[in-house]
Amino acid sequence: MEVTSFLWHIVIANLTIFFIISLFIYKNIKEEVFKYYAVFKFFLLFYLIIKSGNIITPELNYLRPLNWGIQVVYNIYLSYFGISFLKLQNYFPKTIKHIRYILKNVLIGSSILCFITIVFSYTIFYFYFFTFIYLPFHLLISFYLLYLASKTQANERIYYFLGTLSYIVFASIAFILTITQNIYIGAFSAVSFFYIGILIEEYSFGYGLSEKIKKIYYDKLTTERKLTLAQKKINKHLKSEVDKIKIEKQVKDLKFIVMNSKMNSHFIFNALNSIKHYIIKSDRDNAINYLGEFSEFIRNILEIDPTKMISLEKELNNINLYVSLENMRFNNEIKLKTIVNYGISLENTKVPPFILQPFIENAIWHGLASKKNKNIKLIVEQQNDNIVISITDNGIGRKKASKLSFKRESYKKSMGIDITKNILKNFYENNFSINFLDLYDNKAPIGTKVIIEIPK
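What you see is a predicted model, and the numbers here were worked out from it, not measured in a lab.

S.K.: I'd love a proper account of the overall build of the protein, names of residues and values included.
M.R.: Looking only at helices and strands, the protein has 14 helices and 9 strands in total. Within the protein, the fraction of its 456 residues that count as buried is 46%. Sequence separation of at least 24 residues holds for 73% of the intrachain contacts in the protein that already meet a minimum separation of 6. Roughly 24200 Å² of accessible area belongs to the protein as shown, and the carbon and sulfur atoms make up 58% of that amount.

S.K.: Please give an account of the UniProt feature "transmembrane region" (unreviewed entry) in the protein that cites residues and values.
M.R.: According to UniProt, the positions carrying the feature "transmembrane region" (unreviewed entry) are residues 6-26, 38-56, 68-89, 101-120, 126-146, 158-177 and 183-205. For residues 126-146, the helix share is 100%, the strand share is 0%, and the end-to-end C-alpha distance is 28 Å. Counting secondary structure, residues 158-177 comes out at 100% helix and 0% strand; the distance between its end C-alpha atoms is 28 Å.

S.K.: Explain the sheet that holds strand S7 (residues 386-393) to me, using residue names and the numbers behind them.
M.R.: Taken in spatial order, the 5 strands line up as S4-S6-S7-S9-S8 in an open sheet, and their pairing is mixed. Unpaired on one side and paired on the other, strand S4 (334-340) and strand S8 (433-441) mark the two borders of the sheet. Going from strand to strand, the sheet's axes swing by 15 degrees on average, the running direction of each strand aside. Where S8 meets strand S9 (residues 444-455), 9 bridges bridge the pair, whose relative direction is antiparallel. From the neighbouring strand, Asp438 faces S9, where its bridge partner is Thr448. Here helix H12 (residues 357-368) sits on the sheet and contacts S4, strand S6 (374-383), S7, S8 and S9; the angle it forms with S6, its principal contact strand, is near 145 degrees.

S.K.: Describe the packing of helix H2 (residues 32-52) against helix H3 (residues 64-86), with residues and values.
M.R.: Closest axis-to-axis distance for the H2/H3 pair is 8 Å, and the angle between their directions is 155 degrees. Taken together, H2 and H3 sit at an angle that is classed as roughly antiparallel. With respect to the hand of their crossing, H2 and H3 are arranged in left-handed fashion. Contact residues: Glu32, Val33, Tyr36, Tyr37, Val39, Phe40, Phe43, Leu44, Phe46, Tyr47, Ile50 and Lys51 in H2; Asn67, Ile70, Gln71, Val73, Tyr74, Tyr77, Leu78, Tyr80, Phe81, Ser84 and Phe85 in H3. Taken together, the residues of the contact of H2 with H3 sort by class into 18 nonpolar, 3 polar and 2 charged.

S.K.: Can you explain helix H5 (residues 93-119)? Please cite residues and give values.
M.R.: The end-to-end C-alpha separation of H5 is 39 Å, in line with the 39 Å expected for 27 residues at 1.5 Å each. Listed in full, the buried residues belonging to H5 are Ile96, Ile99, Leu103, Leu107, Ser110, Leu113, Cys114, Thr117 and Ile118. The secondary structure elements touched by the buried residues of H5 are H3, helix H4 (88-91) and helix H6 (123-150).

S.K.: Account for the side chain of Thr164, naming residues and giving values.
M.R.: Here Thr164 shows up in helix H7 (residues 157-179). The buried category is assigned to Thr164, whose relative accessible area is 6%. Look past the residues within four positions of Thr164 in its chain and what remains in contact with it is Leu146 and Phe205.

S.K.: Which residues make up H3, and what values do they have?
M.R.: The terminal C-alpha atoms of H3, which comprises 23 residues, lie 35 Å apart, in line with the 33 Å expected from a rise of 1.5 Å per residue. Extensive coverage of H3 is indicated by the burial of 20 of its 23 residues. Once H3 finishes, Lys87 follows within two positions and takes phi at roughly 55 degrees, a positive value.

S.K.: Describe the pairing of S9, and please don't skip the residues or the numbers.
M.R.: In this structure, S7 lies alongside S9, joined through 8 bridges in antiparallel fashion. Residue Ile387 lies in a different strand from S9, and its bridge partner there is Ile454.

S.K.: Help me get a handle on the packing of aromatic side chains, residues and values and all.
M.R.: Counted according to the given criterion, the structure contains 32 aromatic pairs. Between the aromatic rings of Tyr47 and Tyr74, the centroid separation amounts to 5.8 Å while the plane-to-plane angle is 55 degrees, which identifies the pairing as tilted. Of this pair, Tyr47 sits in helix H2 while Tyr74 sits in helix H3; the two residues are 27 residues apart in sequence, bridging distant segments of the chain. Judged by its relative accessible area of 1%, Tyr74 falls in the buried class. Pairwise contacts between aromatic rings join Phe18, Tyr37, Phe40, Tyr47, Tyr74, Phe81, Phe85, Tyr160, Tyr167, Phe194 and Phe205 into one cluster. The ring of Tyr26 carries Lys30 above its face, with NZ or CZ at 5.4 Å from the centroid.

S.K.: Now, about the environment of Ser311: what can you tell me, with residues and values included?
M.R.: Residue placement: Ser311 occurs in strand S3 (residues 310-311). Sequence spacing of Ser311 and Pro352 is 41 residues, and the spatial spacing of their C-alpha atoms is 8.5 Å. Dropping the residues within four chain positions of it, Ser311 is found in contact with Leu346, Glu347, Thr349, Lys350 and Val351.

S.K.: Before we move on, could you go through the packing of H3 against H7 and cite the residues and values that matter?
M.R.: For the pair H3 and H7, interaxial distance at closest approach is 10 Å and the crossing angle is 165 degrees. Taken together, the axes of H3 and H7 are roughly antiparallel relative to one another. Classified by chirality, the crossing of H7 by H3 is left-handed. On H7, the residues touching Tyr74, Asn75, Leu78, Gly82, Phe85 and Leu86 of H3 are Arg157, Tyr159, Tyr160 and Tyr167.

S.K.: Describe the confidence of the model for the protein, listing the residues and the values that go with them.
M.R.: In this model, the protein carries a mean pLDDT of 81, and residues with pLDDT of at least 70 account for 80%. Ranking the helices and strands of the protein by mean pLDDT puts S7 first, with 94, and helix H9 (residues 241-280) last, with 55. Contacts from residues 406-413, a stretch scored under 50 in pLDDT, to residues over four places away or in other chains number 5 contacts.

S.K.: Go over unusual backbone geometry, please, and point to the residues and values.
M.R.: Even without a glycine there, the phi angle at Asn331 is positive, about 55 degrees. Tracing the sequence through the fold places Asn331 in the loop between helix H11 (312-329) and S4. For Asn331, a relative accessible area of 64% gives the class exposed.

Rules of the game
Residue indices begin from 1 for each chain and proceed along its sequence in written order. Local features in a predicted model are, by the rule used here, given only for residues with pLDDT of at least 70; side-chain atom pairs are given and counted only at 80 or more, and totals for whole chains, interfaces and linings are based on all residues. Side-chain numbers come from the whole structure's heavy atoms, not from hydrogens or water. Runs of H or I in DSSP of at least four residues are treated as helices and runs of E of at least two as strands, each being numbered from the N terminus. Accessible area is worked out with a 1.4 Å probe on protein chains only. A residue is then buried under 20% of its type maximum, exposed over 50%, and partly exposed in between. It only takes one pair of heavy atoms within 4.5 Å for two residues to be counted as in contact. Working definition of accessibility: Shrake-Rupley area with a 1.4 Å probe, residue cover restricted to the visible protein chains. UniProt positions are given in the numbering used here, feature names are shortened, and annotations may be inferred rather than shown by experiment. One bridge is not enough; two strands pair if DSSP finds at least two bridges between them. Interaxial angle, 0 to 180 degrees, is taken between N-to-C directions of lines fitted to C-alpha atoms, where a helix line uses only the stretch in contact. Working definition: roughly parallel below 35 degrees, roughly antiparallel above 145 degrees, roughly perpendicular at 65 to 115 degrees, and oblique for all remaining angles. Left-handed describes a crossing whose near helix is turned anticlockwise from the far helix through less than a right angle; right-handed describes the clockwise counterpart. Side-chain classes follow a simple rule in which Ala, Val, Leu, Ile, Met, Phe, Trp, Tyr, Cys and Pro form the nonpolar group, Asp, Glu, Lys and Arg form the charged group, and the remainder, Gly included, forms the polar group. One less than the residue count of a helix, multiplied by 1.5 Å, gives the span that helix is expected to have. Here is the rule: rings of Phe, Tyr and Trp (six-membered ring for Trp) pair when centre to centre is within 6.5 Å. Planes less than 30 degrees apart are stacked, more than 60 are edge-to-face, and the remainder are tilted. The criterion for a charge sitting over a ring is simple: Lys NZ or Arg CZ within 6 Å of the ring centre, and within 35 degrees of the ring normal. Confidence of the prediction at every residue is given by pLDDT, a number between 0 and 100.

If you want it as structure tokens, here you go:
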């Protein structure tokens, strides 16, 4: 029972994480593969919560078809996911068109049948449909999609094979053990095998999806180059100054969106690693708390238009939320002190969105990570017609941090700062400055100070 409970907590946490991440990525880049995966994870999570919670009691036995109906839904969306994941419609357009049509009608028919059997309390009828009609159909479709996948040159095939086969094999073992009433094999219950299959499927598909995201990053970089070329052509060929201004604004807005999506995705994957850290430690409470904070941060990102400024008050609130997320990784060792000089209206002062987060992140991960007392002071003041924001940490200093950092980590750091510089340049042209100061005490490094100066 302990093994089953342990696996259940990991599976539920993972399903929640993958659902939120997939939904967020779909909202940002509109790739349907993430939509199908999010729906699949949602209904699988819904099914496991109902199943494990014994919500359908003997008195509510007439609702039993709901259990099987939900399984039909998430399995059909798993098939949709497989088609989109490998882009099988590009290889077999007619075949996939017929398969999609069949899946759609099975989903509709199953839902209607489930509703009828619940209304008329004819549970056994849907059980027969699910066991002797739908399950063989699902296995046939799954293996046929695997066969089609083997005929393609898609790089993601290996992840699809591993994820799908492990899910089918372990789910089948759980089903056979259940109907034969062999509930336990050693310390493993029948449902434990289902959980294991889900975990293998998640990490297989998760890795495959991460490869897709890398490709999307590459495509966005290509888009940026094309936008730059387009802007040059505009300057060269357009005669009408009005048309030139309109098109340049469109190009500028597209650049904002490209740069902002990079920063958002970078933070999401850092957060995902933090949540996995709690799951590995079986720290369920902290994982749930982190998910709550993380969801709020994501909602803030989604609500913000990257082409428009936000209030300094909202920017500082986002920083506080971000630091609270990082603090959960560092056992509340990070102390952030924010000082706003008298006369500055946080509500009326406007700044580009998420320009401070990369500097706070660098301070935490490159300057303070190896120290026990982690202090960050953020000061906002006005100098003439400019707003000056300074971020000071008591870290190990940039020189020592650069020696400890791997090349990959250094790339991430420079990428975050470079993106911020480009965002500021698009808002203020060259009317801003970012300066880094190394702080010393008797030649010993005692931290780093970043000074950002922008027009008010």
